[in-house]
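What the coordinates show
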Amino acid sequence: MIVTGHQPNYLPYPGFFEKIARADLFIIVDNVQFVKRGPFGWIHRNKVRTEKGWDWLTVPVLTKGKFTQSIRETRINGAQPWARKHWRTIEWNYRKAPHFGKYADGLRTIFDRKWEWIWELNVELIHLIMGWLEIKTPVKIASEMGVEGQAT
């Protein structure tokens with residue numbers, strides 16, 4: 001059995017889904033420290049291609065005084081209208097792409113919903129994209145499994 005895991009990235013890259021597709025079980029690792037920047041800072045942000053180059057889409061999260069919080073404990077800052085900006089950026093830059101209409105409603109539904117936790121938003125996006133890609137690998141959430149460990 002091949003078991004693999006990964007932090008719940010925001011709008012994950014294609015290799016993320018290849019990793020899931022090649023596994024017999026995928027574990028969303030939400031019980032590790034939330035990292036805002038650096039090579040692991042993809043939990044609340046990602047880049048999209050625009051006509052002017054790359055544009056960052058960042059979900060505002062509450063981190064002040066919470067350096068050691070886990071991904072699961074990281075709240076989205078609901079006071080900022082991030083979802084509207086993200087949807088508009090995606091719609092404006094991809095609306096003429098082939099098949100955009102096939103996927104737009106699913107994304108729009110996610111961006112129209114009010115989110116409290118970054119991990120929940122990301123898990124919903126991961127499941128949506130897995131459905132589009134017809135990936136049937138079972139998914140479990142690490143914090144719900146009662147498993148702990150350290151990076152090595």
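Residues numbered from 1 in each chain as written. Predicted model: local features only at pLDDT ≥ 70, side-chain atom pairs only at ≥ 80, totals over all residues. Heavy atoms only, no water.

Attention now goes to the overall build of the protein chain. The helix and strand inventory of the protein chain stands at 5 helices and 5 strands. Listed N to C, the secondary structure of the protein chain is β-α-β-β-β-α-α-α-β-α in terms of helices and strands. Scaling as 2.2 N^0.38, a compact globule of 152 residues should have a C-alpha radius of gyration of about 15 Å, and the protein chain matches this with 16 Å. Overall, the C-alpha framework of the protein chain stretches about 45 × 40 × 25 Å when taken along its three principal axes. Burial status across the protein chain gives 41% buried among its 152 residues. Counted over contacts in the protein chain with a minimum sequence separation of 6, partners at least 24 positions apart contribute 60%. Of the roughly 9,600 Å² of accessible surface on the protein chain, a fraction of 53% belongs to carbon and sulfur atoms. Across the protein chain, the mean location of the 23 positive side-chain charges is 8 Å away from that of the 15 negative side-chain charges. (Helix = DSSP H or I, 4+ residues; strand = E, 2+ residues; numbered from the N terminus. Rg over C-alpha atoms; globule rule 2.2 N^0.38 Å. Buried < 20%, exposed > 50% of the residue type's maximum accessible area, 1.4 Å probe, protein only. Contact = heavy atoms within 4.5 Å. Areas by Shrake-Rupley, 256 points an atom, 1.4 Å probe, with all protein chains shown as cover. Lys, Arg positive; Asp, Glu negative; His and termini not counted. Charge placed at Lys NZ, Arg CZ, Asp CG, Glu CD.)

Our next topic: the packing of helix α2 (residues 82-94) against helix α3 (residues 100-112). Two quantities define a packed helix pair, namely the angle between the axes and the distance from one axis to the other. At a minimum axis distance of 10 Å, the contact between α2 and α3 shows a crossing angle of 175 degrees. The angle between α2 and α3 places the two elements in the roughly antiparallel class. Taking contact as the criterion, the partners of W82, A83, H86, W87, I90, E91 and Y94 in α2 are, on α3, F100, A104, L107, R108 and F111. A per-class count over the contact of α2 with α3 returns 9 nonpolar, 1 polar and 2 charged. (Axes fitted to C-alpha atoms, helices over the stretch in contact; angles between N-to-C directions. Parallel < 35°, antiparallel > 145°, perpendicular 65-115°, else oblique. Nonpolar A, V, L, I, M, F, W, Y, C, P; charged D, E, K, R; others polar.)

Turning our eyes to something else, we now look at unusual backbone geometry. One non-glycine residue, H99, adopts positive backbone phi at about 75 degrees. With respect to the helices and strands, H99 occurs in the loop between α2 and α3. A relative accessible area of 57% places H99 in the exposed class.

What follows covers the layout of surface pockets. Taken as a whole, the largest pocket holds about 640 Å³ of empty space. Every residue lining the largest pocket is counted, 21 residues in all, and those nearest its centre are L11, Y94, L107, I129 and W132. Broken down by secondary-structure element, the contributors of at least two residues to the lining of the largest pocket are α1 (14-21), β3 (45-50), α2, α3 and α4 (118-132). The dominant element in the lining of the largest pocket, judged by the number of residues it contributes, is β3, at 4 residues. In terms of residue class, the lining of the largest pocket is built from 17 nonpolar, 2 polar and 2 charged. (1 Å grid on protein atoms, 1.4 Å probe; cavity = no way out; pocket = protein on both sides within 12 Å on 5 of 7 lines; lining within 4 Å. Points joined across faces, edges and corners; volume = space filled by probe spheres on them.)

Within the secondary structure layout, F67 lies in the loop between β4 (53-58) and α2. Take F67: its relative accessible area is 67%, and that puts it in the exposed class. Beyond its immediate sequence surroundings of up to four residues, F67 is in contact with Q33 and F34.

The next thing to look at is the confidence of the model for the protein chain. Chain-level statistics for the protein chain give a pLDDT mean of 93 and a share of 95% at 70 or above. Ranking the elements of the protein chain by mean pLDDT puts helix α5 (residues 142-145) last, at 93, and α4 first, at 98. (pLDDT = per-residue confidence, 0-100.)

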